[in-house]
Every structure is written in structure tokens, then in C-alpha cells.
Amino acid sequence: QVQLVESGGGLVQSGGSLRLSCVASGSIDSANYVGYYVGWYRQAPGKERELVAGITGGGTTNYADSVKGRFTISRDNAKNTVYLQMNSLHSEDTAVYYCRAIRVTPRYDYWGQGTQVTVSS
């Protein structure tokens with residue numbers, strides 16, 4: 001079993017920045033962690049959960065259009081950690097942010113418990 005723990009959320013003013021971290025632990029080491037695609041998702045009240053950004057073990061990234069140019073995802077495979085640097089935050093970014101790790105072969109799919117990000121206008 002693998003556990004994902006997010007941290008770094010909080011309350012920030014519009015225009016501010018936060019950096020989220022997602023650490024994987026349990027039945028995983030850096031050698032197989034690189035085989036996981038890791039994504040940051042968010043869910044605002046009354047809305048569906050959406051993908052914000054993702055990164056492969058080799059460092060290929062993808063972003064939602066709404067965060068391109070403002071958010072940066074990165075990973076440190078030696079630390080089993082993925083980061084999400086969020087700049088120029090605005091109220092529409094307010095949500096619970098979740099980390100998800102997916103491996104295709106064999107198939108594994110893990111979620112973290114989420115961290116709240118609140119942006120005040």
C-alpha cells in the first residue's frame with residue numbers, strides 16, 4: 001500500500017503564492033516511484049474534481065489551461081515528492097487540492113487526503 005500526504009495549503013491573499021507538496025510513502029521506493037504519473041487535482045465547493053497539473057517520472061508535464069503560466073509542477077524522485085508552485089493566485093483557485101499517483105503496469109491508483117487552499121480577494 002502507498003500513502004500520499006499533501007501539505008502546504010492555507011489562506012493567502014489574491015496575487016499571492018503557495019507551494020504544495022505531495023510525499024509518497026509505504027510500499028514504494030525511489031526506484032519504482034519514477035514509474036508513477038503524479039497529478040494535482042482540485043475540487044471547489046459544488047464543482048467536480050478537475051486535473052490541475054501532472055508530471056511523469058521523466059518530467060513531462062501537463063497543465064489545465066486555467067493555470068498555465070501561473071502554476072509549476074515539479075518532482076524529486078529521490079524524495080518521492082511532487083511539488084506544485086502556485087503563483088498569482090486568485091479566488092477561483094480556492095479549492096481542496098488532492099495529489100494522485102497512477103501507475104499503468106501493474107495498475108495502481110492512489111489518492112491523498114487533500115489540502116485546503118483558500119484565496120481571499
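Presented here is an overview of the structure given in this document. (Residues numbered from 1 in each chain as written. Predicted model: local features only at pLDDT ≥ 70, side-chain atom pairs only at ≥ 80, totals over all residues. Heavy atoms only, no water.)

The next thing to look at is the pattern of salt bridges. Counted by the stated rule, this structure contains six salt bridges. Note that Arg-42 is salt-bridged to Glu-50, the shortest N-O span being 2.8 Å. Take Glu-50: its relative accessible area is 35%, and that puts it in the partly exposed class. In this structure, the salt-bridge partner of Asp-65 is Lys-68, at a minimum N-O distance of 3.2 Å. (Salt bridge = Lys/Arg side-chain N within 4 Å of Asp/Glu carboxyl O. Buried < 20%, exposed > 50% of the residue type's maximum accessible area, 1.4 Å probe, protein only.)

Another point: the sheet that holds strand E7 (residues 71-76). Within the open sheet, the four strands sit side by side as E1-E3-E8-E7. Their pairing is antiparallel. Edge positions in the sheet fall to strand E1 (2-7) and E7, since each of these pairs with one other strand and no more. When the angles between neighbouring strand axes are averaged without regard to direction, this sheet yields 15 degrees. Of the pairings in the sheet, the one linking E7 to strand E8 (residues 81-86) comprises six bridges and is antiparallel in character. Residue pairing for E8: Asp-76 is matched across the bridge by Thr-81. (Pairing = 2+ DSSP bridges. Helix = DSSP H or I, 4+ residues; strand = E, 2+ residues; numbered from the N terminus. Axes fitted to C-alpha atoms, helices over the stretch in contact; angles between N-to-C directions.)

Nothing here speaks to function; it is all geometry.
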